[in-house]
Amino acid sequence: MADLRVLRVPYSTNVDRVALAAGHKGLQVTWVDVDPDDRRVVREASGQDLVPVLLSDDDVVVDSPRILAWIEARFPTPSLWPSDPGDAALADVFCHRFNEVWKGPPNRLGGLLGPVDFVRDRLSGSEARAVDDDTVRLRRWLDRFEERLDGPDHLGGDAFGICDVTAHPFLRFGVHAPDPADEDPFHRVLHELGSFDAASHPRLAAWVERVDARPRA
Ligand SMILES: N[C@@H](CCC(=O)N[C@@H](CS)C(=O)NCC(=O)O)C(=O)O
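One numbering rule holds for all chains: residues counted from 1, following each sequence as written. Under the rules for a predicted model, residues below a pLDDT of 70 receive no local features and side-chain atom pairs below 80 are neither given nor counted, while totals for whole chains, interfaces and linings still include all residues. Side-chain descriptors were evaluated using all non-hydrogen atoms of the structure, hydrogens and water having been removed beforehand.

Draft legend 1. Just the sheet that holds strand β3 (residues 53–55), in detail. Strand pairing is assigned whenever DSSP detects at least two bridges linking the two strands. Helix numbers and strand numbers start at the N terminus; a helix is a DSSP run of H or I with at least 4 residues, a strand a run of E with at least 2. One open sheet accounts for 4 strands, arranged β2-β1-β3-β4; its pairing is mixed. A single partner strand is all that each edge strand has here, and the edge strands are β2 (30–33) and β4 (60–62). For this sheet, the mean angle separating the axes of adjacent strands, direction not counted, is 20 degrees. Examined bridge by bridge, strand β1 (residues 5–8) and β2 share 4 bridges and lie parallel to one another. Bridge pairing in β2 places Leu 7 opposite Val 32. In the packing of helix α3 (residues 64–74) onto the sheet, contacts are made with β3 and β4, and the angle to β4 comes to roughly 135 degrees. Fitting a line to C-alpha atoms yields each axis, with helices limited to the stretch in contact; the angle taken between N-to-C directions then spans 0 to 180 degrees. Only heavy atoms matter for contacts: two residues are in contact if any of them lie within 4.5 Å across the pair.

Draft legend 2. Spotlight on the packing of aromatic side chains. Each pair of aromatic rings taken from Phe, Tyr and Trp, with Trp reduced to its six-membered ring, is defined by centres within 6.5 Å and is described as stacked if the planes are under 30 degrees apart, edge-to-face if over 60, and tilted in the remaining cases. Tallying each qualifying case throughout the model produces 9 aromatic pairs. Pairing Phe 98 with Trp 102 gives two aromatic rings, centres 4.2 Å apart and planes at 15 degrees, and the pair type is stacked. Taken together, the residues span about one helical turn, with Phe 98 and Trp 102 both in helix α4 (residues 85–102) at a distance of 4 residues. This pair shows no difference in class: Phe 98 is buried, exactly as Trp 102 is. Relative accessibility thresholds used throughout: buried, under 20% of the residue-type maximum; exposed, over 50%; partly exposed, between the two (1.4 Å probe, protein chains only).

Draft legend 3. Representation of the site of the ligand. Near the ligand you find Ser 12, Thr 13, Asn 14, Arg 39, Leu 50, Val 51, Pro 52, Asp 63, Ser 64 and Pro 65, and these make up its full shell. In this structure, a nitrogen atom belonging to the ligand sits 2.7 Å away from a side-chain N or O atom of Asp 63. Contact distances for the ligand include 2.6 Å between an oxygen atom and a side-chain N or O atom of Ser 64. Under the convention used here, a 1.4 Å probe and the Shrake-Rupley method define accessible areas, while residue burial counts only the protein chains that appear. In isolation the ligand has 510 Å² of accessible area, and contact with the protein removes 64% of it. Those elements that provide at least two residues to the shell around the ligand are α1 (13–24) and α3. When its residues are assigned to classes, the shell around the ligand shows 4 nonpolar, 4 polar and 2 charged. One heavy atom within 4 Å of a molecule or strand makes the whole residue count as near it. Polar contact criterion, stated in full: a pair of N or O atoms within 3.5 Å, where within protein one must be able to donate a hydrogen and the other to accept it, and residues adjacent in sequence count only if both atoms are side-chain atoms. Throughout this entry, Asp, Glu, Lys and Arg are counted as charged residues, while Ala, Val, Leu, Ile, Met, Phe, Trp, Tyr, Cys and Pro are counted as nonpolar. The remaining residues, Gly among them, count as polar.

Draft legend 4. Representation of the pattern of salt bridges within the structure. Here, a salt bridge means any side-chain nitrogen of Lys or Arg that lies within 4 Å of a carboxyl oxygen of Asp or Glu. Applying the stated criterion to the full structure yields 17 salt bridges. Each of Asp 58, Asp 59 and Arg 74 takes part in a single network of salt bridges with overlapping partners.

Draft legend 5. Representation of the environment of Pro 76 in the model. Position of Pro 76 among the secondary structure elements: in the loop between α3 and α4. Linking Pro 76 and Ala 130, residues 54 residues apart in sequence, is a C-alpha distance of 43 Å.

Draft legend 6. Seen up close, the nonpolar core. Remark: nonpolar core denotes a set of buried residues (Ala, Val, Leu, Ile, Met, Phe, Trp, Tyr, Cys) joined through side-chain atoms within 4.5 Å. Membership of the largest hydrophobic core comes to 39 residues, with the highest contact counts inside it found for Trp 102, Ile 162, Val 165, Leu 171, Leu 204 and Trp 207. Secondary structure elements with two or more residues in this core: α1, α4, α5 (104–113), α6 (125–148), α7 (162–171), α8 (185–192) and α9 (202–212). Per element, the largest residue contribution to this core is 6 residues, and it comes from α7. The two domains that each donate at least three residues to this core are domain 1 (5–74) and domain 2 (85–212). Beyond its immediate chain neighbours, meaning those up to four positions away, Ile 162 contacts Leu 68, Leu 80, Trp 81, Ala 91 and Cys 95. If you look at the next biggest cluster of nonpolar residues, it comprises 22 residues, including Val 15, Leu 27, Leu 54 and Ile 67. Domain extents, as shown, originate in an automatic or database domain assignment.

Have a look at this one:
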């Protein structure tokens, strides 16, 4: 088995994607814990500051979607993408939109609310309106995920796969509070403004639990 090392920081959603994917494939990962305030190891290994970074015998891969595709190419079984090429393309569209569109509102909310410690009275009028608008966007997507799960057990269909790996580390905060030591405002936004439960979104809450129970490397 190839030696896979992954650089990580605590509470990282994008690192959790790699843990879920590697767990699905039964891969052994050597985790390398990095001080979030001292990224020299990350920079020396990869030329940039963000984690996860995957280091194999012959490759350095940054950016979680690229890492997931790399893992799938090297270790195709059990697969994360559907075997039907059309379904696989659709899964890619889902993941791309999750990364490029869905993340927009919670990222902006974190950017507005983090600096004022989530005290809305400290926002300007236009900032408060932006918070309201992005909160509506964030919550509407929860309803769409709930509708998607009317029938299939997973976001990409019946089988666990890349759509679940991509979305679960983020959506799980809608049910689970961040660790008390986790100070990332993005995670707090997902928990406080993107919250849901078995009463409001029963299928989505059950999906969170289902994916919570999966193996992680
Ligand atoms: N597009 C990258 C984003 C990576 C990213 O933003 N990583 C976060 C942790 S989840 C990070 O290292 N942030 C820098 C910081 O916290 O200072 C990916 O999907 O891997």
